[in-house]
Amino acid sequence: MRETPADLATLQDLLDRSFATAGRHLLSIITPERRLSADQVADRLTGMRLLALATVTADGRPIVGPVDGIFFRGAFHFGSAPDSVRFRHIRNRPQVSATHLPREELAVTVHGRAVPLDIHSTTEAEFRQALLDICVPRYGPQWEQFLDSGPVYARIEADRMFTFHERQGGPA
């Protein structure tokens with residue numbers, strides 16, 4: 001967990017605002033006891049987390065595909081190839097939605113805008129180090145060379161975030 005107290009406060013505010021504007025149906029599913037706090041979200045999303053990421057085509061159709069997600073400083077980040085359809089969509093229409101759904105008992109969904117990052121700039125040095133800390137043990141030391149010559153990254157600036165956690169032995 002790399003979130004600062006300020007990151008967690010901002011994240012908690014986002015979670016609370018999102019919950020306050022949710023519709024009746026969603027509120028019937030994501031009851032207060034099934035929500036996660038900002039601390040719990042940051043704790044559960046440590047490391048690489050697979051996301052289903054939706055981008056928007058020029059004619060308004062959603063396209064969903066998997067990406068490696070990194071939850072860092074209270075926001076999801078993800079990478080892809082610079083010439084991918086995903087990043088072509090993002091450059092033209094930055095609106096995205098993403099869900100981390102590793103199992104039936106846990107879901108984290110965000111809606112917002114993808115903001116491309118320059119992972120080689122000094123302003124993104126902390127995020128770059130987080131990527132290395134997560135990916136080098138997973139994929140090997142050659143991953144750093146891949147990072148230097150391959151993917152581009154973006155952060156999702158969330159307008160809304162919803163969490164669902166069904167505790168063991170909880171209501172169906």
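Here's what I pulled together on the structure shown here. The model shown is predicted, which means the values in this text are computed figures rather than measured ones. (Residues numbered from 1 in each chain as written. Predicted model: local features only at pLDDT ≥ 70, side-chain atom pairs only at ≥ 80, totals over all residues. Heavy atoms only, no water.)

### Side note on the overall build of the chain
The helix and strand tally for the chain stands at six helices and six strands. Sequence-ordered secondary structure for the chain, helices as α and strands as β, is α-α-α-β-β-β-α-β-β-α-α-β. Taken against the 2.2 N^0.38 rule, which gives 16 Å for 172 residues, the C-alpha radius of gyration of the chain at 16 Å falls within 12% of a compact globule. Expressed as lengths along the three principal axes of its C-alpha atoms, the size of the chain is roughly 50 × 40 × 30 Å. In the chain, buried positions account for 45% of the 172 residues. For the chain, the accessible surface area stands at approximately 9,200 Å², while carbon and sulfur atoms represent 54% of it. Seen as two clouds, the 20 positive and the 21 negative side-chain charges of the chain have centres 5 Å apart. (Helix = DSSP H or I, 4+ residues; strand = E, 2+ residues; numbered from the N terminus. Rg over C-alpha atoms; globule rule 2.2 N^0.38 Å. Buried < 20%, exposed > 50% of the residue type's maximum accessible area, 1.4 Å probe, protein only. Areas by Shrake-Rupley, 256 points an atom, 1.4 Å probe, with all protein chains shown as cover. Lys, Arg positive; Asp, Glu negative; His and termini not counted. Charge placed at Lys NZ, Arg CZ, Asp CG, Glu CD.)

### Quick look at helix α1 (residues 5-20)
Three- or four-residue spacings in an α-helix give side chains the same orientation, since the helix completes a turn every 3.6 residues. The end-to-end C-alpha distance of α1, which contains 16 residues, comes to 22 Å, matching closely the 22 Å that a straight helix rising 1.5 Å per residue would cover. Of all the residues in α1, the buried ones are D7, L8, L11, L14, L15, S18 and F19. Take α1 and look down its axis: the buried residues cluster within an arc of 130 degrees, on one side only. With respect to the buried face of α1, the exposed residues turned more than 90 degrees away are P5, A6, T10 and A20. Contacts from the buried residues of α1 go to α2 (24-29), α3 (38-44), β2 (62-72) and β6 (152-165). (Expected span 1.5 Å × (residues − 1). Arc of directions from axis to C-beta. Contact = heavy atoms within 4.5 Å.)

### Side note on the pairing of strand β5 (residues 106-117)
Two elements, strand β4 (residues 95-103) and β5, share seven bridges in a ladder whose sense is antiparallel. By the bridge assignment for β5, T99 is matched with T109. As consecutive antiparallel partners, β4 and β5 are separated by two residues. Where β5 and β6 come together, 12 bridges link them in antiparallel fashion. Paired with P116 across the strands is A154, a residue of β6. (Pairing = 2+ DSSP bridges.)

### Overview of the nonpolar core
With 26 residues, the main nonpolar core has L11, F71, F76, F78, I156 and M161 as its most contacted residues. Not counting the four nearest positions on each side in its chain, L11 is found in contact with A38, V41, F71, G74 and M161. Counting residues in hydrophobic clusters, the runner-up holds 14 residues, among them M48, F127, I134 and Y153. (Core = buried A, V, L, I, M, F, W, Y, C linked by side-chain atoms within 4.5 Å.)

### Observations regarding the pattern of salt bridges
Tallied over the entire structure, the rule returns 13 salt bridges. The network of salt bridges with shared partners includes R113, R155, E157 and D159. (Salt bridge = Lys/Arg side-chain N within 4 Å of Asp/Glu carboxyl O.)

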